[in-house]
Amino acid sequence: APTGELDSFERTIAADQRIEPRDAMPEDYRRTLVRQIAQHAHSEIIGMQPEGAWLTSAPSLRRKAVLTAKVQDEAGHGIYLYSACETLGVDRADLTQMLVDGRQKYSSIFNYPASSYADVGTIGWLVDGAAICNQVPLCRTSYGPYARAMIRVCKEESFHQRQGYELLQTMMRGTDEQRAMVQESVDRWWWPSLMMFGPPDAESAHTARSMAWGIKRHTNDELRQKFVDMTVPQADALGVTLPDRSLAWDSATGHYRFGQPDWDELARVIKGDGPCNAERVARRRAAHEDGAWVREAAAAFAARGGRVG
Ligand code: 3HC
């Protein structure tokens, strides 16, 4: 865009206003948003897999209905986010093809197995809890369509987090085996949940510029700290122990001190070498291919002006 128009971009950002699809924007700003929003959308869709696997084994109709509502919410979040991404000139079909070809990222957290039913509760409590910490500030991100998509996502995310926590509370009031199942699940999901916020700020390639552009409102480490401060009292109320011996309240700072996640593990999982990466992408590719006839039929129907016969 001509320099004059980019000055208006700078002025809009400096005034903490919203950039809209028709506004002039630096190509790097657009590219950063496409990368982050696409990854966010892919995460929502792939994120349906770990819990979705438990739909047929839910122990009651109520648990099945709640889990069905949550999993289909995630599909909706993916659709809002692909729509926000398309306002930047990309096509969701291309993004999906790149995802199934293994050429796009999604959140590391969904590359871990949901190996016990307690994981349905732990994912709601910790993963959706971390997502809330990360997504609430995104309601104020500088790109209008992304910020507006986040408002409804965050409302639904609160339900996701509460249903997970309530499931764990019920299990903690159950048998010794159920309490042990919850603790074993929390032990597996705690550190990967901290990794959802990204690498430490000092190693984050994009944070400084995303903060300057108002895409991010807080850094990775700030949001990770906020999540730990919010979650430790919830763990205490639940009666589970978080698997971090260095976790301690620091009255001088008013925050919890906590240990460092295994950043090599995060790098491996991001590169595709996590416990479930291949399975998740293969499942998404199969669903995409199996659904081709639906897309073709819908396109044929639309081409006839939506008339049958
Ligand atoms: N998983 C996968 N990739 C990650 C990652 C993670 N947890 N953390 C960082 N990365 C990648 C980044 O994409 C970037 O890759 P690239 O340079 O090759 O594109 C690289 O690692 C460097 O990390 P940065 O911190 O510099 O990258 P960002 O500035 O993009 O910050 C982020 C990473 C905090 C995840 C940011 O992209 C973000 O806030 N994304 C939107 C929110 C999101 O995706 N949330 C998680 C999944 S959605 C969810 O949880 C759904 C809920 O319903 C359960």
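That block above? That's the structure.
Residues numbered from 1 in each chain as written. Predicted model: local features only at pLDDT ≥ 70, side-chain atom pairs only at ≥ 80, totals over all residues. Heavy atoms only, no water.

**Q** Summarise the layout of surface pockets; cite the residues concerned and give the values.
**A** Taken as a whole, the second largest pocket spans an internal volume of roughly 190 Å³. In terms of lining, the second largest pocket is formed by Ile 45, Met 48, Gln 49, Gly 52, Ala 53, Leu 55, Val 71, Arg 283, Arg 284 and Ala 287. When the residues that make up the lining of the second largest pocket are grouped by side-chain class, the tally is 6 nonpolar, 2 polar and 2 charged. (1 Å grid on protein atoms, 1.4 Å probe; cavity = no way out; pocket = protein on both sides within 12 Å on 5 of 7 lines; lining within 4 Å. Points joined across faces, edges and corners; volume = space filled by probe spheres on them. Nonpolar A, V, L, I, M, F, W, Y, C, P; charged D, E, K, R; others polar.)

**Q** Just give me the short version of the site of the ligand, but keep the residues and values in it.
**A** In the region of the ligand, 29 residues are neighbours, and Glu 74, Lys 105, Ser 204, His 206 and Asn 220 sit closest. Here Ser 108 contributes a backbone N or O atom positioned 2.9 Å from a nitrogen atom of the ligand. In this structure, a nitrogen atom belonging to the ligand sits 3.4 Å away from a main-chain N or O atom of Met 196. Burial of the ligand by the surrounding chains reaches 90%, relative to a free accessible area of 1000 Å². Of the residues forming the shell around the ligand, the biggest block, 6 residues, is contributed by helix H2 (residues 27-46). For the shell around the ligand, the per-class residue count stands at 11 nonpolar, 11 polar and 7 charged. (Near = heavy atom within 4 Å. Polar contact = N/O pair within 3.5 Å; in protein donor to acceptor, adjacent residues only side chain to side chain. Areas by Shrake-Rupley, 256 points an atom, 1.4 Å probe, with all protein chains shown as cover. Helix = DSSP H or I, 4+ residues; strand = E, 2+ residues; numbered from the N terminus.)

**Q** For helix H10 (residues 220-238), give the residues involved together with the corresponding values.
**A** Between its terminal C-alpha atoms H10 stretches 26 Å, which fits the 27 Å expected from 19 residues at 1.5 Å a residue. Residues of H10 that are buried include every one of Asn 220, Leu 223, Arg 224, Gln 225, Phe 227, Val 228, Asp 229, Thr 231, Val 232, Ala 235 and Leu 238, and no others. Tucked inside the fold, the buried residues of H10 contact helix H6 (118-135), helix H7 (144-172), helix H8 (176-195), helix H9 (207-212), strand E2 (255-257) and helix H11 (263-270). Gly 239 occupies a position one or two residues after H10 and carries a positive phi of about 90°. (Expected span 1.5 Å × (residues − 1). Buried < 20%, exposed > 50% of the residue type's maximum accessible area, 1.4 Å probe, protein only. Contact = heavy atoms within 4.5 Å.)

**Q** Outline the side chain of Glu 44, supporting the account with residue identities and numerical values.
**A** Here Glu 44 is to be found in helix H2. Lys 70 is the oppositely charged side chain nearest to the buried, salt-bridge-free Glu 44, at an N-O distance of 7.3 Å. (Lys, Arg positive; Asp, Glu negative; His and termini not counted. Salt bridge = Lys/Arg side-chain N within 4 Å of Asp/Glu carboxyl O.)

**Q** So what's going on with the nonpolar core? Which residues, and what values?
**A** Formed by 46 residues in total, the largest nonpolar core has its most connected members in Trp 125, Val 182, Trp 189, Trp 190, Phe 227 and Val 240. Counting only elements with at least two residues in this core, the list comes to helix H4 (61-86), H6, H7, H8, H10 and H11. Residue contributions to this core peak at 8 residues, all from H6. With near-sequence residues (within four places) excluded, Phe 227 lies in contact with Leu 126, Gly 129, Ala 130, Cys 133, Trp 190, Ser 193, Leu 194 and Phe 197. (Core = buried A, V, L, I, M, F, W, Y, C linked by side-chain atoms within 4.5 Å.)

**Q** Pulling in residues and values, what's your account of empty space enclosed by the protein?
**A** In the structure shown here, the tally under the stated rule is 1 cavity of 30 Å³ or more. Considering only enclosed or pocket space, the largest cavity measures out at about 40 Å³ in volume. Looking at the largest cavity, the residues that line it are Arg 63, Val 66, Leu 67, Tyr 117, Val 120, Gln 163 and Leu 167. Those elements giving two or more residues to the lining of the largest cavity turn out to be H4 and H7. Per-element accounting of the lining of the largest cavity gives the leading share, 3 residues, to H4.

**Q** Could you give an account of helix H5 (residues 92-100), naming the residues involved and the relevant values?
**A** The periodicity of an α-helix, 3.6 residues per turn, causes residues three or four places apart in sequence to face the same way. Where H5 is concerned, the buried positions are Leu 95, Thr 96, Leu 99 and Val 100. Looking down the long axis of H5, one finds its buried residues gathered within 130° of arc, a one-sided arrangement. Looking at the buried residues of H5, the elements they touch are H2, H4 and helix H12 (277-290). Where H5 begins, the side chain of Asp 91 points an oxygen toward the backbone nitrogen of Ala 93, at a separation of 2.6 Å. Positive phi appears at Gly 102, one or two residues downstream of H5, with a value of about 75°. (Arc of directions from axis to C-beta.)

**Q** Outline the side chain of Gln 183, supporting the account with residue identities and numerical values.
**A** Here Gln 183 shows up in helix H8. At 2.8 Å, the side chain of Gln 183 forms a polar contact with the side chain of Asp 187. Not counting chain neighbours up to four residues away, the residues in contact with Gln 183 comprise Val 240 and Thr 241.

**Q** Pulling in residues and values, what's your account of the packing of aromatic side chains?
**A** Inspection of the entire model under this criterion finds 7 aromatic pairs. Seen from their ring centres, Trp 54 and Tyr 117 are 6.0 Å apart, and the 65° between their planes marks the pair as edge-to-face. Placement of the pair is Trp 54 in the loop between helix H3 (48-52) and H4 and Tyr 117 in the loop between H5 and H6, with a sequence separation of 63 residues. Classification of Trp 54 as buried rests on a relative accessible area of 17%. On the basis of an interplanar angle of 55° and a centroid distance of 5.7 Å, the ring pair of Trp 125 and Tyr 165 is categorised as tilted. You can see Trp 125 sitting in helix H6 and its partner Tyr 165 sitting in helix H7, a full 40 residues away along the chain. As far as burial versus exposure is concerned, Trp 125 and Tyr 165 are alike and both buried. Feature note: the residues Phe 9, Tyr 29 and Trp 213 constitute an aromatic cluster, connected by ring pairs. (Phe/Tyr/Trp six-rings, centres within 6.5 Å; stacked < 30°, edge-to-face > 60°.)

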